[in-house]
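Listed below are the residues making up each chain.
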Amino acid sequence: MSTGTGTGTEGTADPEAARTREQRGWYFYDFACSVYSTSVLTVFLGPYLTSVAKAAADADGYVHPLGIPVRAGSLFAYSVSVSVVVAVLLMPLAGAVADRTGRKKPLLAAAAYTGATATACMFFLDGERYLLGAFLLIVANASISVSMVLYNAYLPQIATPQERDTVSSRGWAFGYTSGALVLVLNLVLYTGHDSFGLSEPDAVRVCLASAGVWWGAFTLVPLRRLRDRRVAPSGEGAVRSGWRQLRATLRDMRRHPVTLAFLLAYLVYNDGIQTVISQASVYGSEELGLDQTTLITAVLLVQVLAVAGALGMGRLARTHGAQRTILGSLVVWTLILAGAFVMPAGAPVFFYTLAAAIGLVLGGSQALSRSLFSHLVPRGKEAEYFSAYEMSDRGLSWLGPLVFGLGYQLTGSYRDAILSLVIFFALGAVLLARVPVRAGVAAAGNPVPDRI
């Protein structure tokens, strides 16, 4: 039986077949939860929650959650930022407890079904219930972040070092495939809502809720195929030992400065990526005046091309190394933002062009970042280190939405808000270029691939 330090196939009659089975099950959590990121966070919830907030706003366009004056157009961005702060408090604990107890799967199930339930309850978001919408967004977004800590921590256990770029990229490809499929169904329902006997807002609420049902249903696949690894029993309570392990992790990470340097770079550039993903529909609807059908089809284009982009960048990484490939993608992200800033309103063709560019770099930049980090993780510390990674991936991505929301709050212009995100990609690229990745892999005690 594995102790959680290898690929986790020891003691089986056919270790390679067992590893392949787990990998295939692992892919399906991306397939399950990615519909939240696409249908809910990227397409429907931003514009819809903004419209609900505007319906509840005063004559000056402000709502007052907890007595705080907030411009209705900034509520969604602020809610995303708050959800990330909540995730910051929960993710390190989840990762530490998982490593301490060896029970990743029950924790993954709890986080996944909390998020899926909150998403399904978005069906009840109507009228002026902007506070309900903000609350459900915070719960769902924090839950998916916690679940991804546990999901990502399986990667070093189910894939050899030479397989990780490919396995990670396939996971993203599965996620983008499901996102595209559900968006097609959403598009049919939304554009034909009259024939289904639904109003436009009702169709949006059905699309939101169905993402939660999809998330919960397909989570059953990884829960059946992934398996927990035994760890040495501890006399401490899991929560108490989890916090102690977290403190030990932070101290231990200081002994791996290259890992920390990569996390800092990733924190910066991924903050920009996450903000573009979450705010794209708000920018398209509010600043560019595009209708919901255009936004859905644009994001569908992103999903389709992201599958090819994730797999294509995986191949580029085998030739040029993951670090160089990611750096190239950050240049493309910077050009995308520049194009969005100068894009004329009411021009869907230009919006589709940027959507295509986003699709080609989105999956690859995230998948390669995940696999690159997996090489920098010391063995036996996967979940706790991936909790730090997930804090960079989702948990510390509060600054971008906050800057975006403040930009609109202060100027009333989404163009000024979108321009501020360029700094995240430029600074992130500079920091990543300075990371000595090969030395960091060796220092973590892992085999150094020929290309990295």
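Preceding block: the structure.
Residues numbered from 1 in each chain as written. Predicted model: local features only at pLDDT ≥ 70, side-chain atom pairs only at ≥ 80, totals over all residues. Heavy atoms only, no water.

A. Region of interest: the overall build of the protein. For the protein, the helix and strand inventory stands at 18 helices and two strands. The principal-axis extents of the C-alpha atoms in the protein amount to approximately 65 × 40 × 40 Å. In the protein, which comprises 452 residues, the share counted as buried stands at 58%. Sequence separation of at least 24 residues holds for 84% of the intrachain contacts in the protein that already meet a minimum separation of 6. If you sum the accessible surface of the protein, you get close to 17100 Å²; carbon and sulfur atoms cover 65% of it. On the protein, the mean spot of the 35 positive side-chain charges and the mean spot of the 28 negative ones are 11 Å from each other. (Helix = DSSP H or I, 4+ residues; strand = E, 2+ residues; numbered from the N terminus. Buried < 20%, exposed > 50% of the residue type's maximum accessible area, 1.4 Å probe, protein only. Contact = heavy atoms within 4.5 Å. Areas by Shrake-Rupley, 256 points an atom, 1.4 Å probe, with all protein chains shown as cover. Lys, Arg positive; Asp, Glu negative; His and termini not counted. Charge placed at Lys NZ, Arg CZ, Asp CG, Glu CD.)

B. Structural detail: the packing of helix 10 (residues 257–287) against helix 17 (residues 422–433). Packing of helix 10 against helix 17 leaves a shortest axis separation of 8 Å and a crossing angle of 155°. Classified by the angle their axes make, helix 10 and helix 17 are roughly antiparallel. Both helix 10 and helix 17 take part in a crossing whose hand is left-handed. Between helix 10, through Phe262, Leu264, Ala265, Val268, Tyr269, Asp271, Gly272, Ile273 and Val276, and helix 17, the contact on the second element is made entirely by Phe424, Phe425, Leu427, Gly428, Leu431 and Leu432. A class-by-class count of the residues in the contact of helix 10 with helix 17 yields twelve nonpolar, two polar and one charged. (Axes fitted to C-alpha atoms, helices over the stretch in contact; angles between N-to-C directions. Parallel < 35°, antiparallel > 145°, perpendicular 65-115°, else oblique. Left-handed = near helix turned anticlockwise from the far one by under 90°. Nonpolar A, V, L, I, M, F, W, Y, C, P; charged D, E, K, R; others polar.)

C. Layout of the packing of aromatic side chains. A full pass over the atoms with the stated rule returns 19 aromatic pairs. Between the aromatic rings of Phe31 and Phe218, the centroid separation amounts to 5.1 Å while the plane-to-plane angle is 75°, which identifies the pairing as edge-to-face. Taken as a pair, Phe31 in helix 1 (residues 15–56) and Phe218 in helix 7 (residues 200–218) lie far apart in primary sequence, 187 residues in all. Under the relative-accessibility criterion, Phe218 is labelled partly exposed at 25%. Their ring planes at 10° and their centres at 6.1 Å tell us that Phe262 and Tyr266 sit as a pair that is stacked. Taken as a pair, Phe262 and Tyr266 lie in helix 10 at a separation of four residues, close to a single helical turn. Each member of the pair, Phe262 together with Tyr266, is buried. One aromatic cluster is present, built from ring pairs that chain together Trp26, Tyr27, Phe28, Tyr29, Phe31, Tyr151, Phe174, Trp214 and Phe218. Above the ring of Tyr154, the side-chain terminus of Lys104 is found at 5.5 Å from the ring centroid. Above the face of the Phe123 ring, Arg205 is positioned so that its terminal group lies 4.6 Å from the ring centre. (Phe/Tyr/Trp six-rings, centres within 6.5 Å; stacked < 30°, edge-to-face > 60°. Lys NZ or Arg CZ within 6 Å of the ring centre and 35° of its normal.)

D. Fine view of helix 11 (residues 292–320). The end-to-end C-alpha separation of helix 11 is 39 Å, in line with the 42 Å expected for 29 residues at 1.5 Å each. At Leu305, helix 11 is bent by approximately 30°, the largest bend along its length. Looking one or two places after helix 11, you find Gly321, whose phi comes out positive at around 95°. (Expected span 1.5 Å × (residues − 1). Bend = angle between axes of the 7 residues up to and from the residue.)

E. Spotlight on the side chain of Ser374. One can find Ser374 in helix 13 (residues 348–375). A polar atom in the side chain of Ser374 sits 2.6 Å from the backbone oxygen of Ser371. Residues contacting Ser374, with those up to four places away along its chain left out, are Leu155, Pro156, Arg164, Phe386 and Asn446. (Polar contact = N/O pair within 3.5 Å; in protein donor to acceptor, adjacent residues only side chain to side chain.)

F. Up close: the environment of Pro222. Residue placement: Pro222 occurs in helix 8 (residues 220–225). Linking Pro222 and Trp26, residues 196 residues apart in sequence, is a C-alpha distance of 5.4 Å. When neighbours within four sequence positions are excluded, Pro222 is seen to be in contact with Gly25, Phe28, Tyr29 and Lys105.

G. Molecular detail of the state of the cysteines. With the rule as written, the count across this model stands at zero disulfides. There is no disulfide at Cys121, and the cysteine sulfur nearest it, in Cys207, is 17 Å away. In this structure Cys121 comes out as partly exposed when scored by relative accessible area, which is 30%. (Disulfide = S-S within 2.5 Å.)

H. Helix 10, seen in detail. Across its 31 residues, helix 10 extends 42 Å between first and last C-alpha, which sits within 8% of the 45 Å expected from 1.5 Å per residue. In helix 10, a bend of some 50° at Gln279 exceeds every other bend along the element. The element helix 10 is extensively covered by neighbouring structure, given that 23 of its 31 residues are classed as buried. Just downstream of helix 10, Gly289 is the residue with a positive phi angle, here 70°.

I. The arrangement of the pattern of salt bridges in detail. A full pass over the atoms with the stated rule returns six salt bridges. Residues Lys54 and Glu286 are paired through a salt bridge, measuring 2.7 Å at the closest nitrogen-oxygen approach. Of this pair, Lys54 sits in helix 1 while Glu286 is found in helix 10, placing the two residues 232 residues apart along the sequence. (Salt bridge = Lys/Arg side-chain N within 4 Å of Asp/Glu carboxyl O.)

Nothing here speaks to function; it is all geometry.
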